[in-house]
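Observations on the three-dimensional arrangement
Take a look at the letters that make up each chain.
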Amino acid sequence: MKRASLGLILLLGGCAVGPDFHQPAAPKQQAYTPEPITPMAAPEGLAGGTQQVHDGAPAQDWWRLFGSEQLDALITRALAANSDLAAARAALDQARESWRAQRGVLFPSVDAGAGSSRNKSSQYLSAVPGDNSYTYSLQTAQVTVGYTLDLFGANRRGVEQAHAQFDAQRFQTEGARISLINTVAATAFQEASLRGQIAAQQRMIAIQSETLEILHRQQAQGQAAGADVLAQEALLAQSRAALPPLQRALAQSRDLLAYLTGGSAGDGPVAGIDLDQVTLPRDLPLSLPSALVRQRPDVRAAEANLHAASAGVGVAIANRLPQLTLSASAGGQSGGWSNLLSVANSFWSVGSGITQPIFAGGSLLHKQRAAQAAYRQADAQYRSAVLGAFQNVADVLQALQSDAAALDAAVQAQRSAEASLIIAQRQYQQGQIAFATMLAAEQTLRQAEQALVQAQTARLTDTAALFEALGGGWSS
């Protein structure tokens, strides 16, 4: 009796053919760069001091570490109004409902129907029993139940595949959200940087214009050569030519900010941020590679795609095996609705059937091979996603160390240029140097200020990029 019960359970439950998916093993890699990451200094008072990395994952609201309410407002607006993120969320809803719809194959199907017809039979046929008439009405109502026994797991693998596809879309949606946050931050930093660069360039043009006027006066008095005037005119023209590209880049950054926050350029410029009010986060998290693969949505999406491909192999194999179907129906049939459900007019049927594919032109075999190839492809894509994640983190870490050195050099250059200008102004007041020499010192300072803004922006942008590279504070 026990053996019969066990056999029935196995018959009804069946087995799921194809590979059972197992989460890929954590990588053995322990570091991202050949050399340990050392503390990255930043001048005090400029952007928060020395940065250093420590073990851990980013906070979910990591962008607040920059201490800018203006940046917080931009990101909040983008998360609420960005059209691309809204599309990703709608795709997630679609994937969720598709998975839930796929689960229906695990349950019996039940259908109810009713129909009415007016009929006339041939006189060579028997008259309708009951009233000896060849013309009659027929009313039918019935309930039909059907169920395909999932002997080899085709349905369960199909549900497994749909759920994995939903997971992949969930991770992709989260990746889109994190990417949006970083893009908004980087664009806001760039927009503020361009405003600063334009202001420095305009001051430089003003200085060079003033220098040219002095040279024109000196030339009229025979104190300056024509070659000097031409050289200054060329320098001024170069400075003026450098301004339009900066203005174009600023306009494009503002357009992008409008787009990212759900608006358009025609709505007017989006309020930017002030770099002087941005704080460089001192402590930077750095997850171990074994933890990174669980934190990065793109890696998790690749893993989910691998899972879906694994289940697809099971579906393809099961489709080549026998299918056992059970069916039953019951109802009533009568010439009128009033006695349709009487015992005399009731009918029922119970049946079963088994189908074994014999020949389909090789299509089922090749579909199985295609599914297996898709699995190998997904496996390679997963490994590529993992390696790409490691490279991404390594690149950003290297960039941050380079940014720290560049920012330190830019600060030193700006301070030296500022001190040089103070000396030049004192010397000019004492009549020791010409006015043009003092203006040259001021021009050097404006160039140093422009380079400093660029160095600040690069470090802020790469700091934000590190948070994204480490998964953006997201966890499943």
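Reading guide: rules and limits
Residues numbered from 1 in each chain as written. Predicted model: local features only at pLDDT ≥ 70, side-chain atom pairs only at ≥ 80, totals over all residues. Heavy atoms only, no water. Helix = DSSP H or I, 4+ residues; strand = E, 2+ residues; numbered from the N terminus. Rg over C-alpha atoms; globule rule 2.2 N^0.38 Å. Buried < 20%, exposed > 50% of the residue type's maximum accessible area, 1.4 Å probe, protein only. Lys, Arg positive; Asp, Glu negative; His and termini not counted. Charge placed at Lys NZ, Arg CZ, Asp CG, Glu CD. 1 Å grid on protein atoms, 1.4 Å probe; cavity = no way out; pocket = protein on both sides within 12 Å on 5 of 7 lines; lining within 4 Å. Points joined across faces, edges and corners; volume = space filled by probe spheres on them. Nonpolar A, V, L, I, M, F, W, Y, C, P; charged D, E, K, R; others polar. Pairing = 2+ DSSP bridges. Axes fitted to C-alpha atoms, helices over the stretch in contact; angles between N-to-C directions. Parallel < 35°, antiparallel > 145°, perpendicular 65-115°, else oblique. Left-handed = near helix turned anticlockwise from the far one by under 90°. Polar contact = N/O pair within 3.5 Å; in protein donor to acceptor, adjacent residues only side chain to side chain. Contact = heavy atoms within 4.5 Å. Phe/Tyr/Trp six-rings, centres within 6.5 Å; stacked < 30°, edge-to-face > 60°. Lys NZ or Arg CZ within 6 Å of the ring centre and 35° of its normal. Expected span 1.5 Å × (residues − 1). Salt bridge = Lys/Arg side-chain N within 4 Å of Asp/Glu carboxyl O.

Scanning the chain from terminus to terminus reveals 9 helices and 6 strands. The C-alpha radius of gyration of the chain comes to 37 Å, more than 25% above the 23 Å expected for a compact globule of 476 residues. Across its three principal directions, the C-alpha atoms of the chain cover 135 × 55 × 45 Å. Residues counted as buried form 39% of the 476 residues belonging to the chain. Side-chain charges in the chain split into 34 positive and 37 negative, and the spacing between the mean points of these groups amounts to 12 Å.

Below, the discussion takes up empty space enclosed by the protein. Counted under the stated rule, the structure contains 2 cavities of 30 Å³ or more. Of the pockets and cavities examined, the second largest cavity occupies roughly 30 Å³. In this structure, the second largest cavity is lined by L149, D150, L151, F152, G153, A154, A318, P322 and Q323. In the lining of the second largest cavity, the residues fall into 6 nonpolar, 2 polar and 1 charged.

The strand order across the open sheet built from 4 strands is 2-3-5-6, with neighbouring strands paired in antiparallel fashion. Edge positions in the sheet fall to strand 2 (109-120) and strand 6 (346-355), since each of these pairs with one other strand and no more. On average, each strand axis in the sheet is inclined to that of its neighbour by 20°, with strand direction left out of account. Pairing of strand 5 (residues 323-334) with strand 6, which is carried by 10 bridges, proceeds in the antiparallel orientation. Within strand 6, the position partnered with G332 by the bridge is S346.

So, on to the packing of helix 4 (residues 154-220) against helix 7 (residues 297-318). Following both chains from N to C, one finds helix 4 and helix 7 inclined at 165°, their axes separated by 8 Å at the closest point. Judged by the inter-axis angle, helix 4 sits roughly antiparallel to helix 7. Regarding helix 4 and helix 7, the two cross each other, and that crossing is left-handed.

On the secondary structure map, N82 appears in the loop between helix 2 (69-81) and helix 3 (83-102). N82 sits in the buried class, given a relative accessible area of 5%. Within the local environment of N82, its side chain forms a polar contact with the backbone nitrogen of D84, the two atoms lying 3.1 Å apart. Not counting residues up to four positions away in its chain, the partners in contact with N82 are R77, L180, Y259, L260 and G262.

This part takes up the packing of aromatic side chains. Within this structure, the stated rule accounts for 6 aromatic pairs. Ring geometry for W62 versus W63: centroids 6.0 Å apart, planes at 80°, classification edge-to-face. Here W62 falls in the buried class, since its relative accessible area comes to 0%. Seen from their ring centres, W62 and F467 are 5.0 Å apart, and the 10° between their planes marks the pair as stacked. Here the residue W62 occupies a position in the loop between strand 1 (52-55) and helix 2, and F467 occupies one in helix 9 (residues 435-469), the gap between them amounting to 405 residues. Accessibility classification places W62 together with F467 in one group, the buried group. Every member of this aromatic cluster is reached through a ring pair, and the members are W62, W63 and F467. Sitting above the plane of the W99 ring, R103 keeps its charged end 4.7 Å from the centroid.

The next point concerns helix 2. Along its 13 residues, helix 2 runs 18 Å from first to last C-alpha, staying within 8% of the 18 Å computed at 1.5 Å per residue. Residues of helix 2 that are buried make contact with helix 3, helix 4 and helix 5 (226-260).

As a further point, take the side chain of Q414. Of note, Q414 is situated in helix 8 (residues 363-429). Its relative accessible area of 14% is what places Q414 among the buried residues. If sequence neighbours within four positions are ignored, Q414 has contacts with L445, A448, E449 and L452.

What follows covers the environment of V315. Here V315 lies in helix 7. In this structure, the C-alpha to C-alpha distance between V315 and E35, residues 280 residues apart in sequence, is 47 Å.

On to the pattern of salt bridges, then. For the structure on display, the rule yields 17 salt bridges. The shortest N-O distance in the salt bridge between E191 and R195 comes to 3.0 Å. Here the residue E191 and the residue R195 both occupy positions in helix 4, the gap between them amounting to 4 residues, near one helical turn. Its relative accessible area of 31% is what places R195 among the partly exposed residues.

Let us look at the packing of helix 3 against helix 4. Between helix 3 and helix 4, whose axes approach to 9 Å, the crossing angle comes to 165°. By the angle between their directions, the pair helix 3 and helix 4 is classed as roughly antiparallel. Along this stretch, helix 3 crosses helix 4, giving a crossing that reads as left-handed. Seen from helix 3, the contacting residues are L85, A88, R89, A91, L92, A95, R96, W99 and Q102; seen from helix 4, they are G158, V159, A162, H163, F166, Q169, R170, T173, A176, R177 and L180. A breakdown of the residues in the contact of helix 3 with helix 4 according to their chemical character gives 11 nonpolar, 5 polar and 4 charged.

Turning to the environment of F390, a few remarks are in order. Inspection of the secondary structure assignment puts F390 in helix 8. A C-alpha to C-alpha distance of 24 Å links F390 and T457, two positions 67 residues apart in sequence.

Time to look at helix 4. Taking 1.5 Å of rise per residue, the 67 residues of helix 4 would be expected to cover 99 Å, and the 95 Å separating its terminal C-alpha atoms lies within 8% of that figure. Directly after helix 4, the chain includes G222, whose backbone phi takes a positive value near 75°.

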